[in-house]
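For reference, the chains in residue letters:
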Amino acid sequence: MSAPDLVLRDITYERDRLLLSGVSVMFPAGLVTAVSGPSGSGKTTLLSVAGGLICPTSGTTDYAGASMWQGDGDPPAEVVFVLQVYGLVPVLSARENVALALRARGVRVSEADDRAESALERFDIADLGERQVEELSGGQMQRVACARAFVVAAPVLLADEPTSELDERNRDVVLRELRVEAARGAVVVVATHDPAVVEASDRHVVIDEGHLAPAHVPTAGADPRDGRWSDGVGSRR
Ligand SMILES: Nc1ncnc2c1ncn2[C@@H]1O[C@H](COP(=O)(O)OP(=O)(O)OP(=O)(O)O)[C@@H](O)[C@H]1O
């Protein structure tokens, strides 16, 4: 059986004004979907709804037949985020931060440490494993945040600007690893301002002032499943 897609239907999210309006989009399993749009257009809000951090004012999220919103702002166990603000524990080492994500999921200490080590290697920061996070540069912290999310091998990976502080070489490392996650069947969604990230993605969703906008990329060779979700979605396959 193939892995489930993540489907958002007619999502509206309102605070003092409408931040998302009528957003219907599918994030397919096994593909990297880029979400781009101007600053303040709603990318983080969309990822937050998609991963169950916030409850949409109206509309539904559907992953494997269940809503992402669990009633308390905790994402379902299937979801991991790379947050824009990282959310690392400053006084713990890089390795401890990564291992913590596994310990919180019931993985034994020694196994969590081993897997954390491997995850740091994926992002070329194994040498920083024992360093306290508060001593690291912004770009190094960003890669620790990636390692902490990717180590979980969750079925849904939502990454908010995961390359914003990285040089080209490290950006390419993150792009390579996003592709690895998609290749094992995960739903991978990446909010980004970086055209290189869009270029390296399979699909591209554009959001503008809370609405899906026509995508900037051609739909030639489109995923047949896109037919149902054509608004604002371009496919690069
Ligand atoms: N809790 C909130 N209450 C009120 N307004 C909010 C809240 N969170 C976000 N906003 C507003 O919603 C809009 C969309 O914000 P969001 O962070 O989703 O945009 P974004 O596209 O991710 O921006 P950026 O590229 O700068 O990260 C912005 O105008 C922001 O000020």
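Model, not experiment: these values are computed from the prediction.

So, how was this worked out
- Residues numbered from 1 in each chain as written.
- Predicted model: local features only at pLDDT ≥ 70, side-chain atom pairs only at ≥ 80, totals over all residues.
- Helix = DSSP H or I, 4+ residues; strand = E, 2+ residues; numbered from the N terminus.
- Buried ≥ 20, exposed ≤ 12 C-beta atoms within 10 Å, placed from the backbone.
- Contact = placed C-beta atoms within 7 Å.
- Near = placed C-beta within 6 Å.
- Nonpolar A, V, L, I, M, F, W, Y, C, P; charged D, E, K, R; others polar.
- Pairing = 2+ DSSP bridges.
- Axes fitted to C-alpha atoms, helices over the stretch in contact; angles between N-to-C directions.
- Core = buried A, V, L, I, M, F, W, Y, C linked by C-beta atoms within 7 Å.

**Q** For this particular structure, what's the right way to read the overall build of the chain?
**A** Secondary structure summary: the chain contains 6 helices and 10 strands in total. Per-residue burial over the chain gives 47% buried out of 237 residues. Sequence-distant contacts in the chain: of pairs separated by 6 or more residues, those separated by 24 or more amount to 66%.

**Q** Before we go on, may I ask you to explain the site of the ligand in this structure?
**A** Taken together, Arg15, Asp16, Leu19, Gly37, Ser39, Gly40, Ser41, Gly42, Lys43, Thr44 and Thr45 make up all the residues around the ligand. Element by element, the count of residues in the shell around the ligand is highest for helix H1 (residues 43-50), at 3 residues. Of the residues contributing to the shell around the ligand, the split by class is 1 nonpolar, 7 polar and 3 charged.

**Q** Before we go on, may I ask you to explain the pairing of strand E5 (residues 79-82) in this structure?
**A** Along any regular strand the residues' side chains alternate between the sheet's two faces. Of the two faces of E5, the one carrying Val79 and Phe81 and the one carrying Val80 and Val82 are both buried. Note that E5 and strand E6 (residues 156-160) share 4 bridges and pair parallel. Paired with Val82 across the two strands is Ala159, which belongs to E6.

**Q** Mind showing me how you'd approach the sheet that holds strand E1 (residues 6-14) here?
**A** By definition, the strands of a sheet pair up through backbone hydrogen bonds, in either a parallel or an antiparallel sense. Read from one edge to the other, the open sheet built from 3 strands follows the order E2-E1-E4, with strand pairing classed as antiparallel. Strand pairing shows two members of the sheet lacking a second neighbour, strand E2 (18-27) and strand E4 (58-63), which therefore form its edges. Sheet twist, expressed as the average angle between the axes of neighbouring strands with direction ignored, equals 15°. Bridge count between E1 and E4: 5 bridges; the pairing is antiparallel. If you follow Leu8 over to E4, its bridge partner there is Thr61.

**Q** In this structure, what is going on with the pairing of E1? I would like to understand it.
**A** Here 6 bridges tie E1 to E2, and the two strands are oriented antiparallel to one another. Paired with Tyr13 across the two strands is Leu20, which belongs to E2. Hairpin connection, E1 to E2: the antiparallel pair is bridged by 3 residues.

**Q** Quick question: what am I supposed to make of unusual backbone geometry here?
**A** Glycine aside, residues mostly have negative phi angles, and peptide bonds mostly take the trans form. Although it is not a glycine, Tyr86 adopts a positive phi angle of roughly 70°. Along the chain, Tyr86 falls in the loop between E5 and helix H2 (94-103). Judged by local crowding, Tyr86 falls into the partly exposed class, with 18 C-beta atoms found within 10 Å. If you check the backbone angles, Glu161 has positive phi at about 50° while not being a glycine. Structurally, Glu161 can be placed in the loop between E6 and helix H5 (168-183). Residue Glu161 is classed as partly exposed on the basis of its 19 C-beta neighbours within 10 Å.

**Q** Whenever I open this one, H1 confuses me. Can you help?
**A** Along an α-helix, residues three or four apart share an orientation, since each turn contains 3.6 residues. Among the 8 residues of H1, 7 are classified as buried, and the element is accordingly described as predominantly covered. Restricting attention to buried positions, one finds in H1 the residues Lys43, Thr45, Leu46, Leu47, Ser48, Val49 and Ala50. Immediately downstream of H1, the backbone of Gly52 shows phi near 80°, a positive value.

**Q** Looking at this model, I keep getting lost on the environment of Gly210. Mind explaining?
**A** Its place among the elements puts Gly210 in the loop between strand E8 (203-208) and strand E9 (211-213). In this structure Gly210 comes out as buried when scored by C-beta crowding, with 22 C-beta atoms within 10 Å. A C-alpha to C-alpha distance of 35 Å links Gly210 and Glu134, two positions 76 residues apart in sequence. Not counting chain neighbours up to four residues away, the residues in contact with Gly210 comprise Leu18, Leu19, Leu20, Ser21 and Gly42.

**Q** I keep staring at the nonpolar core and nothing clicks. Help me out?
**A** Burial of nonpolar side chains together is a common tendency in soluble globular proteins. Residues Ala50, Val98, Ala147, Val188 and Val190 are the most contacted members of the largest nonpolar core, which totals 72 residues. Here the element with the most residues in this core is helix H4 (residues 138-150); it accounts for 7 residues. If sequence neighbours within four positions are ignored, Val188 has contacts with Leu31, Val32, Thr33, Leu157, Leu178, Glu181 and Ala182.

**Q** Can you walk me through the environment of Ser110 in this structure?
**A** Examined against the element boundaries, Ser110 turns out to sit in helix H3 (residues 109-122). The sequence separation of Ser110 and Asp5 amounts to 105 residues, and the corresponding C-alpha distance is 33 Å.

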